[in-house]
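# Structure at a glance
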Amino acid sequence: MSVNQQAHAGLPYGQPQPGYQGYQQSGYGGQQMSGVHHSQYGVYNGPLPGYQQPAPPQGTLRAPPTSGAPPPTSGASVPAGQPVYSQFGQGDVQNGVATSAVQMQRPSASQPFIPGTAPAPISQPATFQQYGPAPTSAQQLTNHMAGMQIGSSTSAPPPAGLGYGPPTSVPPASGNFTVTGSGLYTSYSSSQGPPPVTMTHGLPPTSLSQGLSLAQPAFSGPPLSAQHRPQAPGFLPPPCSTGIGPSSYPSATGAPRPSAMQGSQLSGQALTGLPTSQPNHVSSPPPHPSMSGPAMTGLQGPPLPTHPSQSGYQMQQNGSFGQVRGPQPNYGSAYPGTPNYGSQPAPPPPPKRLDPDSIPSPIQVIEDDRNNRGSEPFITGVRGQVPPLVTTNFLVKDQGNASPRYIRCTSYNIPCTSDMAKQSQVPLAAVIKPLATLPTDEAPPYLVDHGEPGPIRCNRCKAYMCPFMQFIEGGRRFQCCFCSCVTEVPPHYFQHLDHTGKRVDFYDRPELSLGSYEFLATVSYCKNNKFPNPPAFIFMIDVSYNAVKSGLVRLICEELKSLLDYLPREGNMEESAIRVGFVTYNKVLHFYNVKSSLAQPQMMVVSDVADMFVPLLDGFLVNVNESRTVIVSLLDQIPEMFADTRETETVFAPVIQAGMEALKAAECAGKLFIFHTSLPIAEAPGKLKNRDDRKLINTDKEKTLFQPQTSFYSNLAKDCVAQGCCVDLFLFPNQYLDVATLGVVPYQTGGTIYKYAYFQLETDQERFLNDLRKDVQKEVGFDAVMRVRTSTGIRATDFFGAFYMSNTTDVELAGLDCDKTITVEFRHDDKLSEDSGALLQCALLYTNCAGQRRLRIHNLSLNCCTQLADLYRNCETDTLINFLAKFAYRGVLNNPVKTVRDTLINQCAQILACYRKNCASPSSAGQLILPECMKLLPVYLNCVLKSDVLQPGAEVTTDDRAYIRQLVSSMDVAETNVFFYPRLLPLTKVDVDSDTLPAAIRNSEERLSKGDMYLLENGLNIFVWVGVNVQQGLIQNLFGVSSFNYISSTLSTLPVLENPFSKRVRSIIDMFQAQRSRYMKLIIVKQEDKLEMLFKHFLVEDKSMSGGASYVDFLCHMHKEIRQLLS
Ligand SMILES: [Zn+2]
């Protein structure tokens, strides 16, 4: 293992998010509110503290609704069928009928594999090869090309059967897909020989293989002289010495390369890995100085044999070259169908490789953003501002647009026309987290109460009053910023305008001056025109043999006794308004009467599970404080009652039905907490069979693994949504239990799935209990409906996440908690104008934990552009990846996984090719030029492609994949960022006297040192990797044992030791835990131990054992794809 530490030492990757964990929020006026569980809604009596700054320029904060559009009152140009926000049956359609019937794909659930619990494959590396390559055939090539053609179809719908095209598309680059490349990726190109000579651009044939020369025998490119570097920001695709002909490489570097780019100017850091910024011009390995003879002459020198002594050449940067790392040569190749890397039959000479330090580094981008944007508050007054990265710790000041904590967009500058959007292929999407928890130093949304008349809304589209509405006629009317319709201002809401046309009460009203706020909903926003009852929580505990024997039942009952004191409360309420109920079950259900007047709880058994009903009303849902004695007695008795059970079979659907019926009877919304252990095989509705079949992987039937095996649960979910019954599911399987099917109801009701495979009390209880505590206490809105309105020209067409939709516009959520996101894709239905920009308004109607009906409004204004360069300059790659991952993960439900992967690659290649063609200055085709804002797209995309859902390793179970698929669909951008590209910290660099974190390092084995320990987290797991040569003192300090050999890899927590290093490392781990919505399992990995295989799975820049390409290889592949598109 080489020791190649990051050269740079910048700021830490991430910092504690102050207060992210706690729910304490400062109310208006800045006082700390005592409510522990909830956002406090301060009364808005005036301007925000510190909010007295001058109003933002008129043109930015308040965009003219439709400049250049017809006169305000006409509305003639507005498409018919403008939306009316309505609830419960006042159905209407926003912005016209959506063309795509957005039927929610049924999700499935998921879980990360639990490394410690699947030891078998670990010790058998050979099994990892089972997904290895199949011989490439012409047929495969044809199929592949067909797939690409589909991906690149024009705006016509994709052909049936492959309805998995990218959101937008460009015309295919005709014939170019037949051009084959270096043979590296033979599933894309079956050619094993020298690259074809079909290059355009008049470049010599060899240029085709530039950047793809992994299989080329020797490096012979001319060196870059130092004085050329600044002019050669990019990069030299690796010249090759195959004797095909002169490389274009010299000419590419011999002349000063134009440096004007649409992205930021990059200097030649590719060569040296300078700390400030990574190049977005990427090319082949830089020559070693010692090789530099004469400056580039335009012709490549004779091939030089590669020699290990050419140390500067970084041959050993990647383990598959230079120093051999593990069984790499026998791994499956990067793509199915690729026989091997080095495609020559003869033993290939040591190939050349891109210098990993020369290609864009996620760590560098993250650190640059932290340094550049972490110190200033992000003030939302300006339209179309790209926020800092999710990894940057920054303060948000709402001055008219929603905080990026609520909404993030793939681009903050939208192409004016759909043609432009199609050309770029950049998806236009927003990742929305309506109930996001804010840091304590940011004010939660103010609550606006307009009294009896309710919120002010546009007459036509029903958009809510917001900062972009334009008051006219002295304030007597306002013109809607979404549909241009003019609405009378009700007398009680009238206010005079100042000389700028702004209402004089502008700063007194959140709905006029802020991006996010809440309205108190009137009774007309309630079901059946009746204010709702407070919600209820029902705990439903599996008491079958496995659950009892593992100690789970006792654990849950013990925990609930104290946890029930922490039910969510609203504001300063003394106690929670939430009522609770209890059910246990195996093949039958047991309901409990815990009425406060009883001396002991009473059990009622329902054995007719085919027709579920609730045997009691009075006494089932109770107030915790009133019934505390009875509840505690029940929780004491349950483990005893079932201690000797022999019942192994369970039901599942009847449990959900029972909970839903109980809520219905109590006329309230609520949440079911179901603790379940096994495949429900007992005779009952929703009974399932074991249909797991790993042989389906990599076949056309693989998608069935993600689909539910019966439609029963989907229908049940629909009923649950109608009742506002949200289901959270805690799974404790010892074998397959069909997460894809069991997860349907949680998913469609906005619930959450937790999965603890092979649950063991000692090692897993801390994680489970932390998850349970967090889940019970988190803020959640019930019986919710979300609508996203847009200004004329674009509209929401597709939705991703955990919810249900019965029409094309309303996202229905039985529950929506503070960690859930809904991703919305937008498409053009008309031209946009640069003057007006584009506006979004997300309105969420929900019932809070006190039973109060509220509307939460988030507004966001985006810029519009007529130049593609503006689009590429204002993209956010993390959000783009979030969207693409969700898009792909939904795609596997109906498409072969390979098709999904190919589509992703093709779309991203088109995005980058469009940039290259239209925005980058002319340069050698051998150069890979990436937009500054998207220079991490290839590395992150590769992480998505080789994730467990799209390219599972042998240790990943079907349930794991279904679990992760569902998990990712609700993730916010920060979560997907760390999930796909984990955070890796060197522990010996930890400063015990400082709160700052050591600089993160890139996720590659070659970055690890045997003498160091590392912390790796991805939002689901935390690994502590210990090198074999770590100093004994450090081992003693962290593990309390005298040497490496005595470290136990079964530890689930670090021992509590009284020394600064131990304290600091544990505090870092605690901080990471607090930042994530789930408690992460801690896994100790000793170098060269069998668990290391699992750890390496997360070193995502390396080639993966399931066949995923290394970053370097994938970048070369993308380069080839882009060049094919351009030629
Ligand atoms: Zn309107």
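Residues numbered from 1 in each chain as written. Predicted model: local features only at pLDDT ≥ 70, side-chain atom pairs only at ≥ 80, totals over all residues. Heavy atoms only, no water.

### Focus: the coordination of the zinc ion
At 2.2 to 2.3 Å from the zinc ion lie its protein donor atoms, namely C458 (SG), C461 (SG), C480 (SG) and C483 (SG). Because the angles between the four donor atoms bound to the zinc ion fall within 100 to 117°, the donor set is best described as tetrahedral. (Donors = N, O, S within 2.8 Å, 3.2 Å for Na, K, Ca; no water. Tetrahedral: all angles 85-135°; square planar, octahedral: opposite > 155°, others 65-115°.)

### Digging into the packing of aromatic side chains
The final tally for this structure, using the stated rule, is 33 aromatic pairs. Their ring planes at 40° and their centres at 5.9 Å tell us that F652 and Y713 sit as a pair that is tilted. On the criterion of sequence distance, the pair formed by F652 in the loop between α11 (628-641) and α12 (653-665) and Y713 in helix α13 (residues 712-723) is long-range, its members being 61 residues apart. The same class applies to F652 as to Y713, namely buried. (Phe/Tyr/Trp six-rings, centres within 6.5 Å; stacked < 30°, edge-to-face > 60°. Helix = DSSP H or I, 4+ residues; strand = E, 2+ residues; numbered from the N terminus. Buried < 20%, exposed > 50% of the residue type's maximum accessible area, 1.4 Å probe, protein only.)

### Observations concerning the nonpolar core
One recurring pattern in soluble globular proteins is that nonpolar side chains are buried together. Counting residues in hydrophobic clusters, the biggest one holds 148 residues, and the most contacted among them are L589, F591, I674, L950 and F1039. No other element matches the eleven residues that helix α19 (residues 897-918) contributes to this core. For L950, the residues in contact, after removing those within four places along its chain, are A888, Y889, V892, V897, V900, R901, L904, V944 and L945. Counting 43 residues, the second-largest nonpolar core is a separate cluster that includes L564, F673, F759 and F768. (Core = buried A, V, L, I, M, F, W, Y, C linked by side-chain atoms within 4.5 Å. Contact = heavy atoms within 4.5 Å.)

### What about helix α24 (residues 1060-1075)?
An α-helical turn contains 3.6 residues, so a residue and the one three or four places further along point in the same direction. Taking 1.5 Å of rise per residue, 16 residues should cover 22 Å, and α24 covers 22 Å from first to last C-alpha, within 8% of that figure. Among all positions in α24, only F1061, S1062, R1064, V1065, R1066, I1068, I1069, M1071, F1072, Q1073 and Q1075 are buried. Contacts made by the buried residues of α24 are with α16 (761-777), β26 (983-986), β27 (1013-1017), β28 (1021-1026), α23 (1032-1039) and β29 (1081-1086). Two or three places before F1061, at the start of α24, stands the capping residue N1059, its side-chain oxygen 3.2 Å from that residue's backbone nitrogen. (Expected span 1.5 Å × (residues − 1). Polar contact = N/O pair within 3.5 Å; in protein donor to acceptor, adjacent residues only side chain to side chain.)

### Things to note about the sheet that holds strand β10 (residues 486-488)
With antiparallel pairing, the three strands of this open sheet are ordered in space as β8-β9-β10. The open sheet has two edge strands with one neighbour each: β8 (470-472) and β10. The average undirected angle you get between the axes of adjacent strands in this sheet is 30°. Across three bridges, the pairing between strand β9 (residues 477-479) and β10 is antiparallel. Residue pairing for β10: R477 is matched across the bridge by E488. (Pairing = 2+ DSSP bridges. Axes fitted to C-alpha atoms, helices over the stretch in contact; angles between N-to-C directions.)

### A word on the pairing of strand β19 (residues 780-790)
The buried fraction of β19 is high, at eleven of eleven residues. Bridge count between β19 and strand β23 (residues 838-847): seven bridges; the pairing is antiparallel. Bridge pairing in β23 links T790 to L840.

### Some words on the pairing of β29
Looking down a regular strand, the side chains alternate between one sheet face and the other. Within β29, six of the six residues are buried, leaving the element largely enclosed by the surrounding structure. Here β29 shows no split at all, with K1081, I1083 and V1085 on one side and L1082, I1084 and K1086 on the other all buried. In the sheet, β28 pairs with β29 via six bridges, with the strands oriented parallel. Bridge pairing in β29 links I1022 to L1082.

### Remarks on helix α22 (residues 973-980)
Judged by how many residues are buried, α22 sits mostly within the fold: seven of eight residues are covered. Listing the buried residues of α22 in full gives V973, E975, T976, N977, V978, F979 and F980. N-cap assignment for α22: the residue whose side-chain oxygen lies 3.1 Å from the backbone N of A974 is D972.

### Things to note about the environment of P377
Residue placement: P377 occurs in the loop between α6 (362-373) and β2 (378-379). The sequence separation of P377 and P388 amounts to eleven residues, and the corresponding C-alpha distance is 9.8 Å. Once you skip the residues sitting within four places of it in the chain, P377 turns out to touch L395 and K397.

### Examining the sheet that holds β29
Sheets are built from strands that pair by backbone hydrogen bonding, the pairs being arranged parallel or antiparallel. Strand order in the open sheet formed by four strands is β26-β27-β28-β29, and the pairing between neighbours is mixed. Bordering the open sheet on either side are β26 and β29, each of which pairs with just one other strand. Sheet twist, expressed as the mean angle between neighbouring strand axes with direction ignored, is 20°. Sheet strands in contact with α24 are β26, β27, β28 and β29, and its direction is about 10° off that of β27.

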